Amino acid sequence: MSSPPLAVASLTDPLELVAARLSGWLSARAGRDGVDPVVRPSDHADAQVNGALGLAKELGCAPRELAQEIIASGLLDDLCAEVEVAGPGFLNLTFANDVLNGLLTAVAGSERLGVEQSASPQTVVIDYSAPNVAKEMHVGHLRSTVIGDALVRMYESLGHRVIRENHIGDWGRPFGMLIEHLLDLGEDVAAAGLGQGDLDGFYKQANAKFADDEEFQRRSRDRVVLLQSGDPDTHVLWNRLVAMSTDYFNEVYSKLGVLLTNDDLMGESQYQPLMAGTIERLSQAGLMQESDGASVVFPPGFTNRDGDPLPLIVQAKTGGFNYATSDLSCVIDRVERLGANLMLYVIGAPQQQHLEMVFAVARMAGWLPDNVAAVHVAFGNVLGEDRKMLRSRSGDSVKLVELLDEAVERASAAVNEKNPDLSTDERAAVARMIGIGAVKYADLSTDRVRDYVFDWNRMLAFDGNTAPYLQYAHARICSIFRRAEEDRSVDRRFAVTETAEHDLALKLLAYPSAVADALTSNSPHKLCTYLFELAQQFTSFYEHCPVVRAEDAIREARLGLCNVTAQTLAAGLALLGIDAPERM
Ligand code: ARG
């Protein structure tokens, strides 16, 4: 794959500065391009250079000697206060405080906090949320929505062109039955039920009728034919049904504070007109085969349990198209119409094989050229405290709206207790930020491929790796400025001296790298981990270094560190779609 890098090296991260300098020198020494000096954070120093080890092997010299040569080159002299050879041939680096001061000044002076815009912006299509019409939105859709929203914000912040696509399930055979049920109930009754998010109830009733009412079955089948043949009245009914569900989805989105709107809807129905052409192109490419009467494609490398080749069915025996046909058409649309360079599919892990087969077939057909990447951003399950799939007490799937309301309610109890002096409105606003932030952060902070346990007490705790902890760290800094009667926006001279200041500065300057790491692997949890460590680093700084009580220049310098910390916390939380209140 030859797609250009998505994130750009930061000009204010001292580790990157070292890497840039050493890469040139080591490449010249090796007589080839692109030698990676392997500069990493270290527990023993500010950073560690590991590249001499590998290169020494290549050049047939002693690693410690090569490490020594790097020191002797003088390249690190103006960046580091100390450089020493360690172990088999690492270099341990300690950065000079004035270097950190200079970099902090650069960072503090820009809103971007050192995060560079991409020099080669990509068109990134992000497929996320994607609930199904007339079916309950489950916690899997919550995960997709929250993770997708964070990715959208991260890619946009680097200047990429992001296209959000909400691939809702709004087409297929069940719609005949759902439309007939809508007519039987009467639109008002249906709208009332669906509007309150009783989607499962509606679906189940329709299903039950279908199971034991032959006349209803006949009507439903006729209705599917009418829908597919574009009958205008049927389309009006279908549209209403879709609108009732999307109204409900929008209510969930607005409570969650995610960016999705109706403009981002790109459901399965949108690809219906393209499907015949997709099938046609597959046959012309000579890829289509027949299996039990169905039209299928065999992508190489996929086998079933018995080791037999596994087909991707693209047209059923009856002539009908399916989920695979729709996703194949969707690939064509995203690449050829939207010009995507990168396509992210934020979908649960169980759909992995489906997606891999779709991508493989698309590559065979030439629809996914080498410079376009298709990535399944997979995620695990949300579990209840019993470690089984999260369910409500009655055993049904959990209603998202109720879940979000409960989060705000619980947060509001904590806010009322901690902040009796805030106004009622302010308390309500803060409770919303904390409650929704806690739910989102609990989801985003675990490696997405893993399952996580939905635990109210843990996610709402004010300590540990939680949203309230980070929000509180931010609010606390805001309150330091209020108490000191100081303006946050004033430019301040940095004067890092103490170890706690030095370590905090280093952490602050690592923000662009944290964003880049999270983005390259589409893993928001890496940004969460960074923010948590930053908040901890701040706490230890604040314990060791008095701010408000300190004198003149020191006070100024420390206020400067406090301010960049607050800015970084707020910016990082914003990339995750989480608000940072100024007081709480
Ligand atoms: N509606 C599907 C579901 O609820 C998810 C669709 C994901 N997107 C896609 N292009 N297949 O499982």
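Keep in mind that this is a model prediction, so the values were computed, not measured.

Basis of the calculations
Residues numbered from 1 in each chain as written. Predicted model: local features only at pLDDT ≥ 70, side-chain atom pairs only at ≥ 80, totals over all residues. Heavy atoms only, no water. Helix = DSSP H or I, 4+ residues; strand = E, 2+ residues; numbered from the N terminus. Buried < 20%, exposed > 50% of the residue type's maximum accessible area, 1.4 Å probe, protein only. Areas by Shrake-Rupley, 256 points an atom, 1.4 Å probe, with all protein chains shown as cover. Lys, Arg positive; Asp, Glu negative; His and termini not counted. Charge placed at Lys NZ, Arg CZ, Asp CG, Glu CD. Salt bridge = Lys/Arg side-chain N within 4 Å of Asp/Glu carboxyl O. 1 Å grid on protein atoms, 1.4 Å probe; cavity = no way out; pocket = protein on both sides within 12 Å on 5 of 7 lines; lining within 4 Å. Points joined across faces, edges and corners; volume = space filled by probe spheres on them. Nonpolar A, V, L, I, M, F, W, Y, C, P; charged D, E, K, R; others polar. Axes fitted to C-alpha atoms, helices over the stretch in contact; angles between N-to-C directions. Parallel < 35°, antiparallel > 145°, perpendicular 65-115°, else oblique. Left-handed = near helix turned anticlockwise from the far one by under 90°. Contact = heavy atoms within 4.5 Å. Near = heavy atom within 4 Å. Polar contact = N/O pair within 3.5 Å; in protein donor to acceptor, adjacent residues only side chain to side chain. Sits in = over half its atoms within 2 Å of the grid points.

Caption draft 1: Quick look at the overall build of the chain. Per the secondary structure count, the chain includes 21 helices and 13 strands. Considered along the principal axes of its C-alpha atoms, the chain spans approximately 85 × 65 × 40 Å. Relative to its 584 residues, the chain shows a buried fraction of 51%. Of the accessible surface of the chain, which amounts to about 25900 Å², a share of 48% is contributed by carbon and sulfur atoms. One way to put it: in the chain the 52 positive side-chain charges average out to a point 2 Å from where the 81 negative ones average out.

Caption draft 2: Structural context of the pattern of salt bridges. Under the counting rule described, the total for this entry stands at 27 salt bridges. Here Glu486 makes a salt bridge to Arg492, at a shortest N to O gap of 3.2 Å. Here the residues in one salt-bridge network are Glu180, Asp184, Lys209, Glu215, Arg218, Arg219, Asp222 and Arg223, joined through shared partners.

Caption draft 3: Broad picture of the layout of surface pockets. A volume near 1200 Å³ is recorded for the largest pocket. Lining the largest pocket are 49 residues, and of these Asn132, Lys135, Gly169, Glu268 and Tyr323 sit closest to its centre. Breaking the lining of the largest pocket down by element, the ones donating at least two residues are α5 (139-157), α6 (174-185), α11 (272-284), α12 (323-337) and β10 (342-348). Looking at side-chain class alone, the lining of the largest pocket contains 23 nonpolar, 20 polar and six charged residues. Lining the second largest pocket are 33 residues, and of these Asp13, Leu15, Pro41, Ala510 and Ser513 lie nearest its centre. At the level of secondary structure, the elements contributing two or more residues to the lining of the second largest pocket comprise α1 (14-30), β1 (39-41), α18 (499-509), α19 (511-520) and α20 (524-544). Split by residue class, the lining of the second largest pocket holds 18 nonpolar, six polar and nine charged.

Caption draft 4: View of the packing of α19 against α20. Viewed as axis vectors pointing N to C, α19 and α20 meet at an angle of 155 degrees, and their least axial separation amounts to 7 Å. In terms of axis orientation, α19 runs roughly antiparallel to α20. As α19 runs across α20, the sense of the crossing is right-handed. The residues of α20 that touch α19, namely those facing Tyr511, Ala514, Val515, Asp517 and Ala518, are Lys526, Leu527 and Tyr530. Partitioning the contact of α19 with α20 into residue classes produces six nonpolar, no polar and two charged.

Caption draft 5: Representation of the environment of Leu75 within the structure. Mapped onto the secondary structure, Leu75 falls in the loop between α3 (63-72) and β3 (80-86). Among the residues examined, Leu75 registers a relative accessible area of 24% and is labelled partly exposed. Separated by 53 residues in sequence, Leu75 and Leu22 place their C-alpha atoms 7.6 Å apart. When near neighbours in sequence (up to four residues on either side) are disregarded, Leu75 contacts Arg21, Leu22 and Trp25.

Caption draft 6: Here's a closer look at the site of the ligand. Lining the immediate surroundings of the ligand are Asp127, Ala130, Asn132, His141, His167, Tyr323, Asp327, Tyr345, Ile347 and Gln351. The contact in question runs from an oxygen atom of the ligand to an N or O atom on the side chain of His141, over 2.9 Å. In the environment of the ligand, an oxygen atom lies 2.9 Å from a nitrogen or oxygen atom belonging to the side chain of Gln351. Burial of the ligand by the protein amounts to 89% of the accessible area it has alone, namely 340 Å². Assessed atom by atom at 2 Å from the grid points, the ligand resides in the largest pocket. Broken down by secondary-structure element, the contributors of at least two residues to the shell around the ligand are α12 and β10. The residue makeup of the shell around the ligand, split by class, is four nonpolar, four polar and two charged.

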